Amino acid sequence: MAGTVNKVILIGHLGRDPEVRSFQSGGKVCNLRIATSETWKDRNTGERRERTEWHSVSIWAEGLVRLAEQYLRKGSKVYVEGKLETRKWQDQTGQDRYTTEIAVRPFKGELTLLDKRDGDGGYGGGANQGGGYGAGGRPSGDFDDEIPFAAESRI
């Protein structure tokens, strides 16, 4: 293989409302905490078990930041595509700290809302009903029952 790959794909639920920070330069970043869970049946006890992983996501694409800020809430189900990045920063005591997160950069990531759109134009905590928004914050289309398939475009 000639190259390397750094790509992360998650489908999960937000553990809290999106946190948007603005920079002096006018740019914004949106931070999300996304939970993914797996369930299985314990072979010894027969009990149902569940394990949840928490993921930190930072969205740097301007259109997707606006989309997340406007439509996402705690419990929203999302599809996120990005790459792993490690950032170095200093805490209040001056100690160097490192954070590894999934970064959604302009033209290098994707955010799709998977919840059903409600009558008020927002997105509720419903089941995956298709439709939603893809890369760049463009609608991927609400699927009509009479259309057997639909494609989502990417930027």
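Refer to the structure presented above.
Here is a short report on the structure shown in this document. (Residues numbered from 1 in each chain as written. Predicted model: local features only at pLDDT ≥ 70, side-chain atom pairs only at ≥ 80, totals over all residues. Heavy atoms only, no water.)

When its secondary structure is counted, the chain shows one helix and seven strands. Sorting the 155 residues of the chain into buried and exposed places 34% on the buried side. Within the chain, counting contacts between residues at least 6 apart in sequence, those at least 24 apart form 50% of the total. If you sum the accessible surface of the chain, you get close to 10500 Å²; carbon and sulfur atoms cover 45% of it. (Helix = DSSP H or I, 4+ residues; strand = E, 2+ residues; numbered from the N terminus. Buried < 20%, exposed > 50% of the residue type's maximum accessible area, 1.4 Å probe, protein only. Contact = heavy atoms within 4.5 Å. Areas by Shrake-Rupley, 256 points an atom, 1.4 Å probe, with all protein chains shown as cover.)

Under the defined criterion, the tally for this structure stands at 10 salt bridges. Residue Arg66 pairs with Glu62 through a salt bridge whose shortest N-O separation is 3.1 Å. Highlighted residues: Arg66 and Glu62, both in helix H1 (residues 62–71), separated by four residues, approximately one helical turn. The exposure class assigned to Glu62 is exposed, which follows from its relative accessible area of 61%. Taking the shortest distance from any N to any O, the salt bridge between Lys88 and Asp96 comes out at 3.3 Å. Shared partners join several salt bridges into a network, and the residues in it are Lys83, Glu85 and Arg105. (Salt bridge = Lys/Arg side-chain N within 4 Å of Asp/Glu carboxyl O.)

Here we come to the nonpolar core. Leu32, Val57, Ile59, Leu72, Val78, Val80 and Leu111 are the most contacted members of the largest nonpolar core, which has 21 residues in total. At the level of elements, strand E1 (8–14), strand E3 (28–41), strand E4 (48–59), H1, strand E5 (77–90), strand E6 (96–104) and strand E7 (110–113) are the ones that each hand at least two residues to this core. Element by element, the count of residues in this core is highest for H1, at five residues. With sequence-adjacent residues up to four places away left out, Val78 is seen in contact with Leu10, Ile11, Gly12, Leu14, Ile34, Leu72, Leu111, Thr112, Leu113 and Leu114. (Core = buried A, V, L, I, M, F, W, Y, C linked by side-chain atoms within 4.5 Å.)

Attention shifts here to the pairing of E1. In this sheet, E5 lies alongside E1 in antiparallel orientation, the contact comprising six bridges. Among the inter-strand pairings, Val8 is bridged to a residue of E5, identified as Gly82. Across two bridges, the pairing between E1 and E3 is antiparallel. Looking at the pairing, Leu14 lines up with Ile34 of E3. (Pairing = 2+ DSSP bridges.)

A separate point is the side chain of Glu110. Within the fold, Glu110 resides in strand E7. Reaching out from Glu110, the side chain makes a polar contact with the side chain of Thr112 at a distance of 3.3 Å. (Polar contact = N/O pair within 3.5 Å; in protein donor to acceptor, adjacent residues only side chain to side chain.)

From the geometry alone we can't say anything about function, so treat these as descriptive.
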